[in-house]
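Here is how the chains run, residue by residue.
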Amino acid sequence: MANLKTTYMGLELKNPFIAGASGYTANLDRIKQLEEAGAAAIVTASLFEEQIQYERFRLEEDLHQFDNLYAEMTGFFPQVKHAGPKEHLTWVKKAKQGVGIPVIASLNAVNRKVWSEWAVQLEDTGADGLELNFYATPSVFDRSSMDVEQEQIEISGEIKNKVKVPVSVKLSPFYSNPLHFIKNLDEVGVQGFVLFNRLFQPDINVEEETNRYRHNLSTEVEHEGPLRYAGLLHGNIQGDVCANSGILSGKDAVKLILAGAVCVQVVSTLYKNKISSLSNLIREAESWMDGKGYKDLGAFRGKMSAKNNSDPGFYRRAQYVKHLIKADYSS
Ligand SMILES: Cc1cc2nc3c(=O)[nH]c(=O)nc-3n(C[C@H](O)[C@H](O)[C@H](O)COP(=O)(O)O)c2cc1C
């Protein structure tokens, strides 16, 4: 039987399947079910800056300094009970004590001070690692991409200097050159790269002319972006790639490892097919390895990365051009 063990930013994992941050990892019973289904680690639902600021507003009643954030927050926090940051920390601590697998705590902040302060507090819960969720949607016109990236690099470096546990970043695919940005993060010591986050996009109901708040789950094609970057990064950075988005089957995970990822995070497939289905993904990857005669993940990780690929243009522009030239537009 194939050995599925892997190491992700220094954490020993029994297999490459991590349950990514979601509503399922915000609940102790569900986390235990994920462990039972074979998850090698979990990433907790993020602690959001809005949770922290909302608590502060209630205490300080000085709303003017965060006008924009407050306007957004009042829409959803009044309904959320027990959503304060202290409750979140207590809960992460319980999650860590409740399972035997590594627990990675996720933070999604906005202000620099909040990033550093709460990263330290999350480490104090006993979490095995941190995931900095750089989820941000552009909303202002006067900040350049360079400003945004520079700040994220500096925040990562600051946090790396303050905590002892390994630090990963979860990125969106919308950087002008993710390779350059990731290389810079790698240089400040980030040990894990979760590629990529899936952004919630706004939608409009044209009949009622109202906002739609949809909750779309991923489809399989979405792992193609992570696959490209896992392939391009393999052998070029110190940190580990943990692929995320659209990994719905064991074979999808195998693809990402062939490209160079050390592990994957899954969420949508758990929502679509129940938590228990995670064991099927693990079995599928294992039986693929057995069928191929691979004893462990190291035997094929990165075998099809850009460095090792028989077609050097596969991950690059040549693939795009070749595809367009070959395409049949007649039908
Ligand atoms: C219900 C739900 C809640 C989520 N909550 C978080 C979160 O708190 N923090 C985070 O970083 N990502 C969150 N995500 C994003 C997932 O962790 C993951 O990055 C995304 O769904 C892509 O993976 P998938 O294709 O396997 O679903 C959430 C996703 C869903 C569907």
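Anyway, here's the lowdown on the structure attached to this text. (Residues numbered from 1 in each chain as written. Predicted model: local features only at pLDDT ≥ 70, side-chain atom pairs only at ≥ 80, totals over all residues.)

## Looking at helix α9 (residues 250-259)
Here is step 1: Within α9, 9 of the 10 residues are buried, leaving the element largely enclosed by the surrounding structure.
Here is step 2: Where the residues of α9 are buried, they touch β3 (17-19), α8 (224-233), β12 (240-244), β13 (263-266) and α11 (278-292).
Here is step 3: Directly after α9, the chain includes Gly260, whose backbone phi takes a positive value near 140°. (Buried ≥ 20, exposed ≤ 12 C-beta atoms within 10 Å, placed from the backbone. Helix = DSSP H or I, 4+ residues; strand = E, 2+ residues; numbered from the N terminus. Contact = placed C-beta atoms within 7 Å.)

## Some details on the site of the ligand
Here is step 1: In the vicinity of the ligand, 21 residues are found, and the nearest of them are Gly20, Ala21, Ser218, Val267 and Ser268.
Here is step 2: Tallied by class, residues from the shell around the ligand come to 6 nonpolar, 12 polar and 3 charged. (Near = placed C-beta within 6 Å. Nonpolar A, V, L, I, M, F, W, Y, C, P; charged D, E, K, R; others polar.)

## Quick notes on helix α7 (residues 178-187)
Here is step 1: Three or more residues of α7 are buried, namely Pro178, Phe181, Ile182 and Leu185. Taken end-on, α7 shows its buried residues confined to a sector of 95°, consistent with a single buried face.
Here is step 2: Against the buried residues of α7 lie α6 (145-162), β8 (167-171), β9 (192-195) and α8. (Arc of directions from axis to C-beta.)

## Things to note about the pairing of β8
Here is step 1: Most of β8 sits out of view: 5 of its 5 residues are buried.
Here is step 2: Neither face of β8 is open: one carries Val167, Val169 and Leu171, the other Ser168 and Lys170, and all of them are buried.
Here is step 3: Where β8 and β9 come together, 4 bridges link them in parallel fashion. Bridge pairing in β9 places Ser168 opposite Gly192.
Here is step 4: Tracing the backbone out of β8, into α7 and back to the parallel element β9 gives a crossover that is right-handed. (Pairing = 2+ DSSP bridges. Right-handed = clockwise from strand over helix to strand, strands pointing away.)

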